[in-house]
Each structure stands twice: as C-alpha cells, then as structure tokens.
Amino acid sequence: MKNVISKFFDFIFKDSLWKSIVFGAVLILVGGGLYYILNFSSKGRPDFIITAKEFKKNKLNNDLGEKDEIVSTLKKEDYEKKLNAFKSKFPGAFWDITERVLSDKDYEKKVAEYYSNKAMADNLYYEGFISYETYSLIQNSPYPEQRQVLEFSMKRFMNQVADAQEIDSTDFDALVGVVDKMDYLYEKTDKIGRDTLMVTKFLNLLQNAKNLSIEEMKAVEKLHFSITKTPVIYSLRKFNSEKEYQNELFRMYQAAANSVITPERFTQLDSISNWLKNVSKINDTITNLNVLISVMGVDFSENKSKGETGYDLEEKAINEFFKSYRFSYNKENVTANFNKYINLYSKKLTNANIERDARELLRVEERITAKDWMYFGLFFLCISVIIVLLVQRNKLI
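Keep in mind that what you see is a predicted model, and the values were worked out from it rather than measured.

Engineer: Would you explain the overall build of the chain in this entry?
Structural biologist: Assigned secondary structure in the chain consists of 16 helices and two strands. Going through the 397 residues of the chain one by one, you find that 34% of them count as buried. Considering only intrachain contacts with a sequence separation of at least 6, the fraction spanning at least 24 residues in the chain is 70%. By element, 57% of the accessible surface of the chain is carried by carbon and sulfur atoms, the whole surface being about 25,700 Å².

Engineer: Any chance you could explain the confidence of the model for the chain here in plain terms?
Structural biologist: When pLDDT is low, close inspection of the predicted coordinates is not appropriate. When pLDDT is averaged along the chain, the result is 76, and 63% of the positions lie at 70 or above. Low pLDDT (under 50) marks residues 118-139, which in the prediction has 68 contacts with non-local residues, meaning those over four places away or in another chain. Note on residues 141-151: pLDDT under 50 across the span, and 25 contacts to partners over four residues away in sequence or across chains.

Engineer: Any chance you could explain the packing of aromatic side chains here in plain terms?
Structural biologist: To describe a pair of aromatic rings, one takes the distance between the centres and the angle between the planes. Under the counting rule described, the total for this entry stands at 21 aromatic pairs. Here Phe90 and Trp95 contribute two aromatic rings whose centre-to-centre distance is 6.0 Å and whose plane-to-plane angle is 85 degrees, an arrangement assigned as edge-to-face. The pair formed by Phe90 and Trp95 is uniform in burial state, with each residue classed as buried. Between Phe322 and Phe338, the ring centres sit 5.3 Å apart and the planes meet at 25 degrees, which makes this aromatic pair stacked. In this pair, Phe322 is assigned in helix α15 (residues 310-323) and Phe338 in helix α16 (residues 334-396), connecting sequence segments 16 residues apart. Across the pair, Phe338 and Phe322 agree in class, each one buried. What links up through ring pairs into an aromatic cluster is the set Phe300, Phe321, Phe322, Phe327, Tyr329, Phe338, Tyr341 and Tyr345. Taking the ring centre of Tyr186 as reference, the NZ or CZ of Lys191 above it sits at 5.3 Å.

Engineer: What is the right way to look at unusual backbone geometry in this model?
Structural biologist: For residues besides glycine, phi is generally negative; the peptide bonds are generally trans as well. If you check the backbone angles, Tyr245 has positive phi at about 50 degrees while not being a glycine. Within the secondary structure layout, Tyr245 lies in the loop between α11 (214-228) and α12 (246-258). Exposure remark for Tyr245: the relative accessible area of 21% places this residue in the partly exposed category. For Tyr325, which is not a glycine, the phi torsion comes out positive at approximately 65 degrees.

Thresholds applied
- Residues numbered from 1 in each chain as written.
- Predicted model: local features only at pLDDT ≥ 70, side-chain atom pairs only at ≥ 80, totals over all residues.
- Heavy atoms only, no water.
- Helix = DSSP H or I, 4+ residues; strand = E, 2+ residues; numbered from the N terminus.
- Buried < 20%, exposed > 50% of the residue type's maximum accessible area, 1.4 Å probe, protein only.
- Contact = heavy atoms within 4.5 Å.
- Areas by Shrake-Rupley, 256 points an atom, 1.4 Å probe, with all protein chains shown as cover.
- pLDDT = per-residue confidence, 0-100.
- Phe/Tyr/Trp six-rings, centres within 6.5 Å; stacked < 30°, edge-to-face > 60°.
- Lys NZ or Arg CZ within 6 Å of the ring centre and 35° of its normal.

Encoded structure:
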C-alpha cells in the first residue's frame, strides 16, 4: 500500500502533469472567450410571415416560424369527384350559390310551393330551403329585402362546416373527410327533405366533428344501440321516436369528438354499461346514457406522466368509482356523484403531479449542489497539486 501511495505522488509531481494542467486551463479560458464572442453580437430579428391560417383565424401561432403548410395526400380532383357523387343525391338543392334575391312574383310562388309540400303539421320541409321555423322568421320579416333573400344553400352549409373546423381550402384530405361524414349521416335518413335534414339535424354535429372519425361514430352508435335497442332514423315526415333517444346520441357524438377515446375505452364503456344494468341494477335508459356520456368526457391526457397514456389514468379512475364499492350511488344520483368524483380525482391528480414536479426540482437542485461540491473539491485538489509542485521545484532549485 505504501508503494502505491508513493508511486501516485511521484506521478503527480512530474513536470508533464503540471504542463497538462496549465494547458487544460488555457483551453478552458480560450473556449470561454470564443463562446462569449459568439454570443456577444445580436442575431437580429428572425424572418416571419403572416400565414393564411393566422389571417383566417385572426390569431397568431405560438411558433414564430410556423408556416401552416398544408400537405394533402389527395388532390382537388379527388375532392371534386367525391363531392359531385354526393351532390347527385340532392337534385333539388342549391350547390352553386350561397343566397339569392327573389322578385316579388317569384317570392310568392316559392311561398306557395313551400306550403304545398308539407309532410306534417308543424314539421314542414321543402328541398332548397332551410327549416320551416327559420323560413317563417324570414317570411314574416318587416324588411322586404330580407324576405326576398333565399338564405340557405348546400354551398353555404359546406362553408359553415369548413369555417367552424378551420379547414383550409387546399386541405383536400379534411374536405373529403367532411363529405364522407355527410354521406354517412345521409344514409341514416329517410331521404326526404335532404338538405333541410342536413341543417336541422347535422350542421352543429359536423361543425364540431373535426376530431370525430366515422369509426368513432360507429362505435358510439353501437354503444347507444346496446342500451336503447332501437336504431335511429332521421326524418322530417315523422316525429322522433322516444325510444331513439336522438339527443343523447348527439351528446355521445359530442363527447367522443372532444375526448381521446381509444378502442379499449369503448370496451370499458360497454363494461360499465353492463355493470350498471346487471350489478347496480340501474336499468333506466336515459340514466345509463347520461352516465356513459359523463364517462366518455373523462380526459386526463394533459396530466399524464412520461410513458403513461391518458387511458391508463382514466381506466383506473372510472373503474374505482363503479367497481371498488367505496362509493354509493343509485338511479337518481349516479351521474351527479360520478361527476363529483371525477372533479375531485382531477384536482387530486393535479396536486399529485405538482408534488411530483416539486420533488423532481428538489432532486435537480440537490444534484447541482453535489456538482458544486465536486467542482469545489476538484479546484482545491488542483490548487494543492500546484502548490506541491511549486514547493518541489523550489527545493530542486
């Protein structure tokens, strides 16, 4: 052991080590100077442009360099082919104009045609016009110019959907997606009063369906049917059947559009539905649908940790409420109690994340302190070696 220590000190007292220490210090000094020079001069203002998307939304992007370039896999011809095929199903609709002004004579003629084409009392339709209620407001307006304006067309309808979804006119993938959803919904109607049905039933849904795929719509309908046992058919000739629960279906669409719902999540939703009926003995259709709508709205994706999916958090929270037997609920309060539970869970999850982040910050600070002590020790080690070397050289002289 004594020989090892002796050899170590003999090594550090060599002149070559001293030269290396000085050379290293010079390199650090030069490197620091160059880095200072590189960061001394101003880089000036970065280049930027106002993108078409920013102008359309009247809102700036967070990223100054974002160009909002639309990269579409489909071409304009693909979109026009898809749209023309859909147009053929609406022979009486207006596809080339957003509005038009009628003469007094033409206006009176249209009003007569409108009333002669009624299907049911208080549920009138006429292809080429919007719903009866809205048309009556226009008809009874004290302003003649407003009465003479045909305010609805399928072109206007398409523009309203595209504007609501902030779809660029060159984003043909998104535009084809809108037509596909319109066609999918159209096939669920009785084909009477086609364009009126689109406005009265589907406009709001399509405007908010940017993140809702047809596959998700099918999954929602399957879940809805498993509870109601009644298929939904959209019609202007007859009143909605109470057994269809159309309002609840559209709320389920909305929940699916506003949340990230995976196929596994739909499996869990089906499991919760069966649990409510078979274990909790809650068989009221509206109650079960309202519970599932609330469950679909649960979204913890913003609170997930690295490597953790939002579904993992949601599955755990949802199952704990219904299947842990720690919480009581019945037909009258199950939806309210679940929403109360999720609100508390969300707050506690946020607090847990804050504590996790605080612990991580503390660990970072402790690592910085440890490094400071290491640098401090290294500095004094170097000073000590230099002093020893200077003493050694002084003895030799």
